[in-house]
Amino acid sequence: QMLVTKLTEILSALCQSFQNNIAPKNPAFHHFIFETLAAVIKHMAGDAAAIVAMEGLIIPPFQTVISQDITEFQPYFVQLIAQLLERRSTPLPDVYTQILPILLKQPLWAAKSNQPALCRLIKAYVAKCPDQILASQDLFHQILGLIQWLMMQKMTDQYAFSILNSIVVFVPAAKLPEFLPSMATTALERFQKLPPASNGKFLRGLIVFFSLYMAKHGPDMLFNLLDSVQPGLLEQFLTHVWAPKLTAVVHDVYDKKICQIGMCRLLCEEPRAYGFGCWDKAMDAVCKLIAESRGKAGGTNGLDDDVDFEFIMSYNNSAFVPLHNATPDKTTSDLLPDVPDAPAFVVQRLKQTATQAPQLASTIQTLAQTYQLA
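As the structure is a computational prediction, the values presented were derived from the model and not from experiment.

Conventions used here
Residues numbered from 1 in each chain as written. Predicted model: local features only at pLDDT ≥ 70, side-chain atom pairs only at ≥ 80, totals over all residues. Heavy atoms only, no water. Helix = DSSP H or I, 4+ residues; strand = E, 2+ residues; numbered from the N terminus. Rg over C-alpha atoms; globule rule 2.2 N^0.38 Å. Buried < 20%, exposed > 50% of the residue type's maximum accessible area, 1.4 Å probe, protein only. Contact = heavy atoms within 4.5 Å. Areas by Shrake-Rupley, 256 points an atom, 1.4 Å probe, with all protein chains shown as cover. Lys, Arg positive; Asp, Glu negative; His and termini not counted. Charge placed at Lys NZ, Arg CZ, Asp CG, Glu CD. Axes fitted to C-alpha atoms, helices over the stretch in contact; angles between N-to-C directions. Parallel < 35°, antiparallel > 145°, perpendicular 65-115°, else oblique. Nonpolar A, V, L, I, M, F, W, Y, C, P; charged D, E, K, R; others polar. 1 Å grid on protein atoms, 1.4 Å probe; cavity = no way out; pocket = protein on both sides within 12 Å on 5 of 7 lines; lining within 4 Å. Points joined across faces, edges and corners; volume = space filled by probe spheres on them. Phe/Tyr/Trp six-rings, centres within 6.5 Å; stacked < 30°, edge-to-face > 60°.

Engineer: Explain the overall build of the protein here, please?
Structural biologist: Looking only at helices and strands, the protein features 18 helices and zero strands. Its C-alpha atoms give the protein a radius of gyration of 23 Å, near enough to 21 Å, the size a compact globule of 374 residues would have. Viewed in the frame of its principal axes, the protein has a C-alpha envelope of about 75 × 40 × 40 Å. Classification of the 374 residues of the protein by burial places 49% in the buried group. Within the protein, contacts between residues separated by at least 24 positions form 75% of all contacts whose residues are at least 6 apart in sequence. When the accessible surface of the protein is split by element, carbon and sulfur atoms take 55% of a total near 17,000 Å². Separation of charge centres in the protein, based on 29 positive and 32 negative side chains, amounts to 3 Å.

Here's what the structure looks like:
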């Protein structure tokens, strides 16, 4: 604690320098102060008293940095707060709910250097205390409003889907009908503005979002929602966008898992989908993801071990500098841990579908032989 106290004292002095318009001359030194604090937090797992003590030392200067708009330190502090929150037991102390509205303000998100850390922090809130957030209708609507704002902008749409996916996973299913239609409408409005040949991150985010919802909650509600927008919309989207572009836009191992499970549930559990003209091509796309994933482990969410010393030798407010010691646990990237083996899940559902929908049995047999599905 003596080390942390000394480091936070140094940070307070640096914040005062910024307030007095005196720019510190050694950004690398400041970076490694935050790295050291992150290292301390990293090794606090399970020590509730130590986490509480660290919160008392970190949160007050964080509030100063936000209120005084000291942009150079904001991304660092947000990473530390996210790191603390992820290790926090519930219920959360009031200070966390007090600072959350500040974190939802658009000016804070306007800085590119803040966006990755803010996204991680908001996701941590949703995962850690969904009931506390839902208890404040205004607070939850602020989060939804932020998602819509982020989704409509090319540079931030990936963060919108990332937060929305956390809501789909951690918010009780009974609450989803209250906001899913507006979120889906916003996403479809943005989708209609994409170039026809788009294979970018928005399309990837939309496909993963639809897949995650169906993987977690089944296909019925999303099917009905899209059909209410335009009859046959889901089949059209699956035929012309989702199936043909799936393997081109989805590369992350956890996203592949989500798409395998979600698309499989749509095609194998929804009787209305049995008659889709694209059923064979859509399931073929799922099987291709399985084939691509064979022999590959881990994810693509980790950070390199090397620190870019040259980059941090000068303050660059346009870029995010991650703290190596604050890197999230890779296992948190798996939003469907209750399904450990996605290919086995798909195979099981295909076997059931071959019995329930005999008209698809020959197609399923061909897929099983082509992709060696046991």
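Engineer: Help me understand the packing of helix H7 (residues 115–128) against helix H10 (residues 157–170) in this model?
Structural biologist: When two helices pack together, their arrangement is given by the angle between the helix axes and the distance between those axes. Running from amino to carboxyl end, H7 crosses H10 at an angle of 10 degrees, the nearest separation of the two axes being 9 Å. By the angle between their directions, the pair H7 and H10 is classed as roughly parallel. In this structure, H7 uses Gln115, Pro116, Cys119, Ile122, Lys123, Val126 and Ala127 to contact H10, whose residues at the interface are Tyr159, Ser162, Ile163, Ser166, Ile167 and Phe170. Tallied by class, the residues present in the contact of H7 with H10 amount to nine nonpolar, three polar and one charged.

Engineer: Help me understand empty space enclosed by the protein in this model?
Structural biologist: Empty pockets left among the atoms are what a rolling probe the size of a water molecule brings to light. Scanning all chains against the criterion turns up two cavities of 30 Å³ or more. Approximately 40 Å³ is the volume attributed to the second largest cavity. Class assignment of the residues belonging to the lining of the second largest cavity gives a composition of eight nonpolar, no polar and no charged.

Engineer: Is there a simple way to think about unusual backbone geometry in this case?
Structural biologist: It is generally the case that most residues other than glycine have a negative phi and that most peptide bonds are trans. Omega for the bond connecting Thr90 with Pro91 falls within 30 degrees of zero, at 0 degrees, which places this linkage in the cis form. Note on placement: Pro91 falls in the loop between helix H4 (74–86) and helix H5 (94–103). The backbone of Asp69 sits at a positive phi, close to 55 degrees, despite the residue not being glycine. You can see Asp69 is positioned in the loop between helix H3 (48–67) and H4. For Gln372, which is not glycine, the phi dihedral falls at a positive 50 degrees. Assignment of secondary structure puts Gln372 in the segment after helix H18 (361–370). By relative accessible area, Gln372 is classed as exposed at 66%.

Engineer: Any chance you could explain the environment of Ala291 here in plain terms?
Structural biologist: Locating Ala291 in the fold gives a position in helix H16 (residues 279–293). The partly exposed category is assigned to Ala291, whose relative accessible area is 34%. For the pair Ala291 and Leu373, spaced 82 residues apart in sequence, the C-alpha to C-alpha distance is 9.5 Å.

Engineer: Looking at this structure, I do not really get the layout of surface pockets. What am I missing?
Structural biologist: In this structure, the second largest pocket encloses a volume near 310 Å³. Lining the second largest pocket are 14 residues, and of these Leu188, Phe191, Gln192, Leu233 and Phe237 sit closest to its centre. Taken together, the elements giving at least two residues each to the lining of the second largest pocket come down to helix H11 (180–192), helix H13 (220–229) and helix H14 (233–249). A per-class count over the lining of the second largest pocket returns eight nonpolar, five polar and one charged.

Engineer: I keep staring at the packing of aromatic side chains and nothing clicks. Help me out?
Structural biologist: For any pair of aromatic rings, the description consists of the separation of the ring centres together with the inter-plane angle of the planes. All told, the structure shown has 14 aromatic pairs when counted by the stated rule. Pairing Tyr96 with Tyr125 gives two aromatic rings, centres 6.4 Å apart and planes at 75 degrees, and the pair type is edge-to-face. Placement of the pair is Tyr96 in helix H5 and Tyr125 in helix H7, with a sequence separation of 29 residues. When its relative accessible area of 0% is taken as the criterion, Tyr96 is described as buried. Taking relative accessible area as the criterion, Tyr125 reaches 1% and is therefore assigned buried. Between Phe223 and Phe276 the ring centres are 5.9 Å apart and the planes differ by 25 degrees, which places this aromatic pair in the stacked class. Of this pair, Phe223 sits in helix H13 while Phe276 sits in the loop between helix H15 (253–269) and H16, placing them 53 residues apart in sequence. Its relative accessible area of 6% is what places Phe223 among the buried residues.

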